[in-house]
Amino acid sequence: MMKTDIRSYFPILNQEVNGHPLVYLDSAATSQKPTQVLEAVKHYYEYDNSNVHRGVHTLGNRATDAYEGAREKVRQFINAKSTEEVIFTKGTTNGLNMVAASFGRANVDEGDEIVITYMEHHSNLIPWQQLAKEKNATLKYIDMNPDGTLSIDQVKEAITDRTKIVSIAFASNVLGTVNPIKEIAAIAHAHGAVMIVDGAQGVPHFHTDVQDLDCDFLAFSGHKMCGPTGIGVLYGKKEHLENMSPIDFGGEMISTVGLYESTWADLPWKFEGGTPNIAGAIGLGAAIDFLETIGMDAIIEHERNLTRYAIEQLNAIDGVSIYGPQDPTKRSGLVTFNIDGIHPHDVATVLDMEGIAVRAGHHCAQPLMKWLKCTATARASFYLYNTEADVARLIEGLRSAKEYFADVNE
Ligand code: PMP
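Just so you know, these numbers come straight off a predicted model, no measurement behind them.

A. Geometry of the site of the ligand. For the ligand, the full set of nearby residues is Thr92, Thr93, His121, Ser123, Asn173, Asp198, Ala200, Gln201, Ser221, His223 and Lys224. A distance of 2.5 Å separates an oxygen atom of the ligand from a polar side-chain atom of Thr93. Separating a nitrogen atom of the ligand from a side-chain N or O atom of Lys224 is a distance of 2.8 Å. In isolation the ligand has 400 Å² of accessible area, and contact with the protein removes 84% of it. Using a 2 Å cut-off from the grid points, one finds that the ligand occupies the largest pocket. In terms of residue class, the shell around the ligand is made up of one nonpolar, eight polar and two charged.

B. Spotlight on the sheet that holds strand β14 (residues 334-339). Taken in spatial order, the four strands of this open sheet run β13-β14-β17-β16, and their pairing is antiparallel. The two strands at the open ends of the sheet, each matched to only one other strand, are β13 (320-323) and β16 (359-361). Taken pair by pair, the neighbouring strands of this sheet meet at an average axis angle of 30 degrees, ignoring direction. When β16 meets strand β17 (residues 377-381), the two strands line up antiparallel, connected through three bridges. The partner of Ala360 across the bridge, within β17, is Ala378. In the packing of helix α10 (residues 296-315) onto the sheet, the strands contacted are β13 and β14, and the crossing angle to β14 comes to about 10 degrees. Set on the sheet, helix α11 (residues 344-353) makes contact with β14, β16 and β17; between it and β16 the angle comes to about 155 degrees.

C. Region of interest: the layout of surface pockets. Considered as a void within the structure, the largest pocket measures approximately 310 Å³ in volume. Taken together, 22 residues line the largest pocket, and the ones lying closest to its centre are His121, Asn173, Ala200, Gln201 and Lys224. Per-element accounting of the lining of the largest pocket gives the leading share, three residues, to helix α3 (residues 92-107). Counted by class, the lining of the largest pocket contains six nonpolar, 12 polar and four charged residues. The space that makes up the second largest pocket amounts to roughly 220 Å³. Around the second largest pocket, the lining is made up of 16 residues, and of these Phe88, Thr89, Lys90, Asn94 and Gly273 lie nearest the centre. The residue inventory of the lining of the second largest pocket, partitioned by class, reads six nonpolar, seven polar and three charged.

D. Layout of the packing of helix α1 (residues 35-48) against helix α9 (residues 278-294). At a minimum axis distance of 8 Å, the contact between α1 and α9 shows a crossing angle of 145 degrees. The handedness of the crossing between α1 and α9 is right-handed. Only Ile278, Ala279, Ile282, Gly283, Ala286, Ala287 and Phe290 of α9 make contact with α1, whose side of the interface consists of Gln36, Val37, Ala40, Val41, Tyr44 and Tyr45. Of the residues belonging to the contact of α1 with α9, the class tally is 11 nonpolar, two polar and no charged.

Rules used throughout
Residues numbered from 1 in each chain as written. Predicted model: local features only at pLDDT ≥ 70, side-chain atom pairs only at ≥ 80, totals over all residues. Heavy atoms only, no water. Near = heavy atom within 4 Å. Polar contact = N/O pair within 3.5 Å; in protein donor to acceptor, adjacent residues only side chain to side chain. Areas by Shrake-Rupley, 256 points an atom, 1.4 Å probe, with all protein chains shown as cover. 1 Å grid on protein atoms, 1.4 Å probe; cavity = no way out; pocket = protein on both sides within 12 Å on 5 of 7 lines; lining within 4 Å. Sits in = over half its atoms within 2 Å of the grid points. Nonpolar A, V, L, I, M, F, W, Y, C, P; charged D, E, K, R; others polar. Pairing = 2+ DSSP bridges. Helix = DSSP H or I, 4+ residues; strand = E, 2+ residues; numbered from the N terminus. Axes fitted to C-alpha atoms, helices over the stretch in contact; angles between N-to-C directions. Contact = heavy atoms within 4.5 Å. Points joined across faces, edges and corners; volume = space filled by probe spheres on them. Left-handed = near helix turned anticlockwise from the far one by under 90°.

Set out below in structure tokens:
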């Protein structure tokens, strides 16, 4: 079990909401930030604030060192071969759109296939839908098992020699399913396709090694891993990035500029046009330091213990259906569910009255809702600062929601 003093690093958790101590169960949407991250951002603005890569002055050099230092922390965290492969972005959505706009436009032709799954977040679906339309390519969905997992046979059936891109979530933000990326990457490569990973729900929760996964691209967001909003990372293999065109043209990303021709900066700056989110990158670096102090293996183990407990308790409530695999070792730390006869928005509203924050809606995964044959669900998502007591409050809150609606519906 995680040390209880972890919560003391998160000042936001120490408050009452609607007269009750806050229970924050919406970390899959965005995580809370520890003091170490808040301090790093504050320190940067108080002492080092300056633009990067330009200054000959001391503050400019300090800002550049801190910004590039954060890139090195990211490189180590995901075990990229070089910082040339680590591009700072606004977040997962931005990173995936960059791959679609640059790599996708250059490499996908009419009749080619782009393979995704029914469990993708809209951010890993719409860019490919758009690219497929533009290029007259085929967007293909890998079938899923009834419990919301993928089997290797289904993957093998979907990927063919016409497949150019396979883009799959590391973990589903609705089902919690953790996908076998390494195995899927091997199948994609055997057919000459690239493997793109939406790491938004994976990288914050478990140890990620891009060389071991052998993925070609990986996008993730800082705000879901204790870092600030507006910062994320796109990892790409150097051999791809070198051949790709930049997306944002302007300052910072050039080498030489003439009246009619220009040349691009080296990697990774070629993809970082304009003044970057310097404070965000520094905050993300501090978040990585924090997560590493606790240890990624300890984090996922803790989340899985909470998930196991939550699934057991939810299964004991009449009329609750849980989506995704029941086995917590096949999941990340979240549970999505519905209660018979109560709309998930009502569930979330009643819980909020008790100070418990959960998410309700389609979770930016409308095709998955259709696959699940529902329009919306409620979701409780856990992170390193949640406790069994939080889960117990959730269960208590759900029992009162059931009673409340039973009375109202009488
Ligand atoms: N993919 C998945 C699986 C997600 O859960 C999310 C965030 N909900 C995203 C992509 C998009 O991340 P962001 O909004 O930070 O770009």
